[in-house]
Amino acid sequence: MNLRERLAQLIKGDVADDAETLKKYSRDTSVFERTPRVVVFPKDADDVAAVVKYVHDARARGEEVSVAPRSAGTDMTGGPLTRSISMVFTKYMNAVRSITDNAVTAQPGIYYRDLEKQTLAKNGKLIPSYPASRQLCAFGGMISNNSGGELTLRYGKTNDFVRSLEVVLSDGSKATLKPLSF
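What this report covers is the structure whose coordinates are included nearby.

Reading the values: the criteria
Residues numbered from 1 in each chain as written. Predicted model: local features only at pLDDT ≥ 70, side-chain atom pairs only at ≥ 80, totals over all residues. Heavy atoms only, no water. Helix = DSSP H or I, 4+ residues; strand = E, 2+ residues; numbered from the N terminus. Rg over C-alpha atoms; globule rule 2.2 N^0.38 Å. Buried < 20%, exposed > 50% of the residue type's maximum accessible area, 1.4 Å probe, protein only. Contact = heavy atoms within 4.5 Å. Areas by Shrake-Rupley, 256 points an atom, 1.4 Å probe, with all protein chains shown as cover. Lys, Arg positive; Asp, Glu negative; His and termini not counted. Charge placed at Lys NZ, Arg CZ, Asp CG, Glu CD. Pairing = 2+ DSSP bridges. Phe/Tyr/Trp six-rings, centres within 6.5 Å; stacked < 30°, edge-to-face > 60°. Lys NZ or Arg CZ within 6 Å of the ring centre and 35° of its normal.

Here we look at the overall build of the protein
When helices and strands are tallied, the protein shows six helices and eight strands. The linear arrangement of helices and strands in the protein, starting from the amino end, is α-β-α-β-α-β-β-β-β-α-α-α-β-β. What you see for the protein is a C-alpha radius of gyration of 17 Å, in line with the 16 Å of a compact globule of 182 residues. Sorting the 182 residues of the protein into buried and exposed places 39% on the buried side. Contacts in the protein between residues far apart in sequence, at least 24 positions, make up 48% of those at least 6 positions apart. Within the structure as shown, the protein displays about 10,400 Å² of accessible surface, and the carbon and sulfur contribution to it stands at 51%. Side-chain charges in the protein split into 26 positive and 21 negative, and the spacing between the mean points of these groups amounts to 3 Å.

Dropping the structure here:
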């Protein structure tokens, strides 16, 4: 059984290893190129946890496998590129969970442009870090790169506005991380 087949048995989302998909996810906006072995499109946090646990257990057995998270791929450092498992959030994990007067809860794959439309429509506010790639980037990448933009000097970078994160740890367990005070 190959890697795609093993991962497909573990998750509800999609796992692909066809040439077209691998080529598409072998680049971001950097000059680098790395072709993944498989591309995983998780449907939810349980899928993410299952893939991460698989990688954790496989590495414990001595297998050469890793996972690289990817949102929109607008990173210019090659950060989301891998020769192993590329986990892409924009296909399924792209919803807004809630919007209040001063907070938004969203999944990592939502594009900033879509999130901005919803926050502006709901309460007339935008996400203050306002990156230059705002028409192309996704929320998860903004958080992982601590994105900033033309309004950064006035308002701050992305991490200045993150109140909590629901994350999957390297062993596949889930945790909510937040500052002791905000």
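There's plenty left to go through after this.
Topic: the pairing of strand 4 (residues 85-88)
Alternating residues of strand 4 divide into Ile85 and Met87 and Ser86 and Val88, and every residue in both groups is buried. Note: strand 2 (residues 38-41) against strand 4, three bridges, orientation parallel. Considered in strand 4, the bridge of Val39 is made with Ser86. Examined bridge by bridge, strand 3 (residues 67-70) and strand 4 share four bridges and lie parallel to one another. Its bridge partner being in strand 4, Arg70 is matched across the sheet by Val88.

What about the packing of aromatic side chains?
This model, assessed by the stated rule, comprises two aromatic pairs. Ring geometry for Tyr25 versus Phe41: centroids 5.8 Å apart, planes at 70°, classification edge-to-face. Placement of the pair is Tyr25 in the loop between helix 2 (19-24) and strand 2 and Phe41 in strand 2, with a sequence separation of 16 residues. Taken as a pair, Tyr25 and Phe41 share a single burial class, namely buried. Residues Tyr112 and Tyr130 carry aromatic rings whose centres are separated by 6.4 Å and whose planes lie at 75° to one another, so their mutual orientation is edge-to-face. With Tyr112 in helix 4 (residues 112-123) and Tyr130 in the loop between helix 4 and helix 5 (139-145), this pair connects stretches of sequence that are 18 residues apart. The same class applies to Tyr112 and to Tyr130, which are both buried. The ring of Phe41 is capped by Lys91, whose NZ or CZ atom sits 5.0 Å from the centre of that ring. Stacked on the ring of Tyr111, the Lys or Arg Arg113 has its end atom at 4.4 Å from the ring centre.

Comments concerning the environment of Tyr54
On the secondary structure map, Tyr54 appears in helix 3 (residues 45-60). Distance from Tyr54 to Arg113, taken between C-alpha atoms, is 33 Å for residues 59 residues apart in sequence. Not counting the four nearest positions on each side in its chain, Tyr54 is found in contact with Leu3, Arg6, Leu7, Leu10, Arg61 and Glu63.

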